[in-house]
Amino acid sequence: MTGLMEGKKGVILGVANKRSIAWGITQVVCQAGARVALTYQGERFEESVRSLAAELDNPLVLPCDVSDDGQIDELFRTLEKEFGRLDFLVHSIAFAPKEALEGEFVNTAREAYRIAQDVSVYSLVALARGARPLMQGGGSIVAMTYYGAEKAVPNYNVMGVAKSALESAVRYLASDLGPEGIRVNAISAGPINTVAARGVSGFTGMLKLHAERAPLRRNVTQEEVGKAALFLLSDLASGVTGEVLHVDAGYHAVGM
Ligand code: 1JT
């Protein structure tokens with residue numbers, strides 16, 4: 001790879017295991033010369049994130065449960081101390097209670113709706129606010145989204161509503177932070193066989209359908225999402241902000 005990210009430092013949230021989209025992004029940006037901090041949510045994930053990070057050059061591994069303001073504050077205090085500044089931030093985090101990702105959206109409970117918005121959307125706002133003072137002179141923020149934000153996809157339900165809000169938040173954050181040279185974009189990835197996604201009933205059938213109908217007649221990989229993230233995080237995308245870039249083998253472009 002080129003040294004597109006040589007000298008750049010960033011934080012990547014959302015690595016849980018080797019199949020995580022965030023891990024695909026980490027590998028590609030590190031290959032391009034970046035130095036990264038990875039975060040983990042709770043002790044449950046610490047060991048697996050540490051063992052993945054051991055494959056990287058000079059990584060930082062830090063705790064961050066995004067539903068806790070104190071942990072977000074502590075994350076940026078540590079990043080300031082260790083890195084001095086931040087060039088990029090990757091948000092690859094989402095959660096909704098399992099029962100909200102099946103059956104009818106109309107049955108979504110208030111608490112499931114609240115949790116989906118808090119963990120999957122508000123966290124991006126709070127993290128952008130925390131990163132801002134460390135991105136003096138400019139920076140790049142990338143979040144992950146999915147087609148269920150644009151169309152009603154069976155079972156995606158409350159996550160679809162959360163992803164619509166996330167895509168809107170990307171535009172509002174781009175508007176606020178653009179004057180400081182901080183770009184904010186999202187990648188709309190096609191379905192990928194991650195541990196989180198596999199836990200959702202009907203996901204495997206959806207992967208197959210997607211591969212049959214997408215113009216490229218296949219699904220996308222973590223590495224392909226990583227390469228698109230490298231573009232958005234690097235100077236190649238210096239004129240791009242407030243954008244949702246589809247990395248979905250073209251699925252979004254076709255009707256029936
Ligand atoms: C979450 C999960 C967010 C799975 C997700 C997600 N964003 C995309 N996926 C994959 C997916 C899931 C379903 C689907 C299509 C794609 C699981 C944990 C909570 C957050 O339905 C058509 C259900």
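Up top is the structure.
Read on for a plain summary of the structure. Keep in mind the model is a prediction, meaning the values are calculated, not measured. (Residues numbered from 1 in each chain as written. Predicted model: local features only at pLDDT ≥ 70, side-chain atom pairs only at ≥ 80, totals over all residues. Heavy atoms only, no water.)

1. Examining the overall build of the protein
Within the protein one finds eight helices and seven strands. If one aligns the C-alpha atoms of the protein with their principal axes, the spans along those axes are about 45 × 40 × 40 Å. Out of the 256 residues belonging to the protein, those deemed buried represent 50%. For the protein, long-range pairs separated by at least 24 residues make up 74% of all intrachain contacts whose partners lie at least 6 apart in sequence. (Helix = DSSP H or I, 4+ residues; strand = E, 2+ residues; numbered from the N terminus. Buried < 20%, exposed > 50% of the residue type's maximum accessible area, 1.4 Å probe, protein only. Contact = heavy atoms within 4.5 Å.)

2. Description of the site of the ligand
Within the structure, the ligand sits among 14 residues, and Val153, Pro154, Tyr156, Val200 and Met206 are positioned closest to it. The side chain of Tyr156 places a nitrogen or oxygen atom 2.7 Å from a nitrogen atom of the ligand. Protein contacts shield 87% of the accessible area of the ligand, which totals 500 Å² for the unbound molecule. Placement of the ligand is best described as lying within the largest pocket. Only helix H6 (195-198) and helix H7 (203-213) provide two or more residues apiece to the shell around the ligand. Looking at the shell around the ligand, its residues break down into 14 nonpolar, no polar and no charged. (Near = heavy atom within 4 Å. Polar contact = N/O pair within 3.5 Å; in protein donor to acceptor, adjacent residues only side chain to side chain. Areas by Shrake-Rupley, 256 points an atom, 1.4 Å probe, with all protein chains shown as cover. 1 Å grid on protein atoms, 1.4 Å probe; cavity = no way out; pocket = protein on both sides within 12 Å on 5 of 7 lines; lining within 4 Å. Sits in = over half its atoms within 2 Å of the grid points. Nonpolar A, V, L, I, M, F, W, Y, C, P; charged D, E, K, R; others polar.)

3. Some thoughts on the side chain of Arg183
Within the fold, Arg183 resides in strand E6 (residues 182-189). A distance of 3.0 Å separates a polar side-chain atom of Arg183 from the backbone oxygen of Ala237. The contact partners of Arg183, leaving out residues within four places of it in the chain, are Gly139, Ser140, Ile141, Leu232, Leu233, Ser234, Ala237, Ser238, Val240 and Thr241.

4. Examining the nonpolar core
Ranked by internal contacts, the top residues of the largest apolar core, which has 88 residues, are Phe76 and Leu79. Here the element with the most residues in this core is helix H4 (residues 110-131); it accounts for 10 residues. (Core = buried A, V, L, I, M, F, W, Y, C linked by side-chain atoms within 4.5 Å.)

5. Quick word on H7
Here H7 has its buried residues at Phe203, Leu207, His210 and Ala211. Relative to the axis of H7, the buried residues are bounded by an arc of 95 degrees and lie together on one face. The inward-facing, buried residues of H7 abut H6. (Arc of directions from axis to C-beta.)

6. Considering empty space enclosed by the protein
Across all of its chains, the model carries one cavity of 30 Å³ or more by this definition. Surrounding the largest cavity, Tyr146, Tyr147, Ser188, Ala189, Gly190, His210, His246, Asp248 and Tyr251 form its lining. (Points joined across faces, edges and corners; volume = space filled by probe spheres on them.)

7. So, the packing of aromatic side chains
A complete count under the given rule lists two aromatic pairs for this structure. When the ring of Tyr146 is compared with that of Tyr156, the centres are 4.7 Å apart and the planes differ by 70 degrees; the resulting orientation is edge-to-face. One end of the pair, Tyr146, is in the loop between strand E5 (139-145) and helix H5 (157-177); the other, Tyr156, is in the loop between E5 and H5, with 10 residues separating them in the sequence. Ring geometry for Tyr147 against Tyr251: centres 5.4 Å apart, planes inclined by 85 degrees, an arrangement best described as edge-to-face. Placement of Tyr147 in the loop between E5 and H5 and of Tyr251 in the segment after strand E7 (244-247) is noted, with a sequence separation of 104 residues between them. A residue is classified by how much of its surface remains accessible, and Tyr251, at 18% relative accessible area, is buried. (Phe/Tyr/Trp six-rings, centres within 6.5 Å; stacked < 30°, edge-to-face > 60°.)

8. Let's talk about helix H3 (residues 69-83)
Counted at 1.5 Å a residue, the expected span for H3 with its 15 residues is 21 Å, and the 21 Å between its end C-alpha atoms agrees. Those residues of H3 not exposed but buried are Ile72, Leu75, Phe76, Thr78, Leu79 and Phe83. Looking straight down H3, one finds its buried side chains confined to an arc of 160 degrees; they lie on one side. For H3, exposure combined with an orientation more than 90 degrees from the buried face picks out Arg77 and Lys81. (Expected span 1.5 Å × (residues − 1).)

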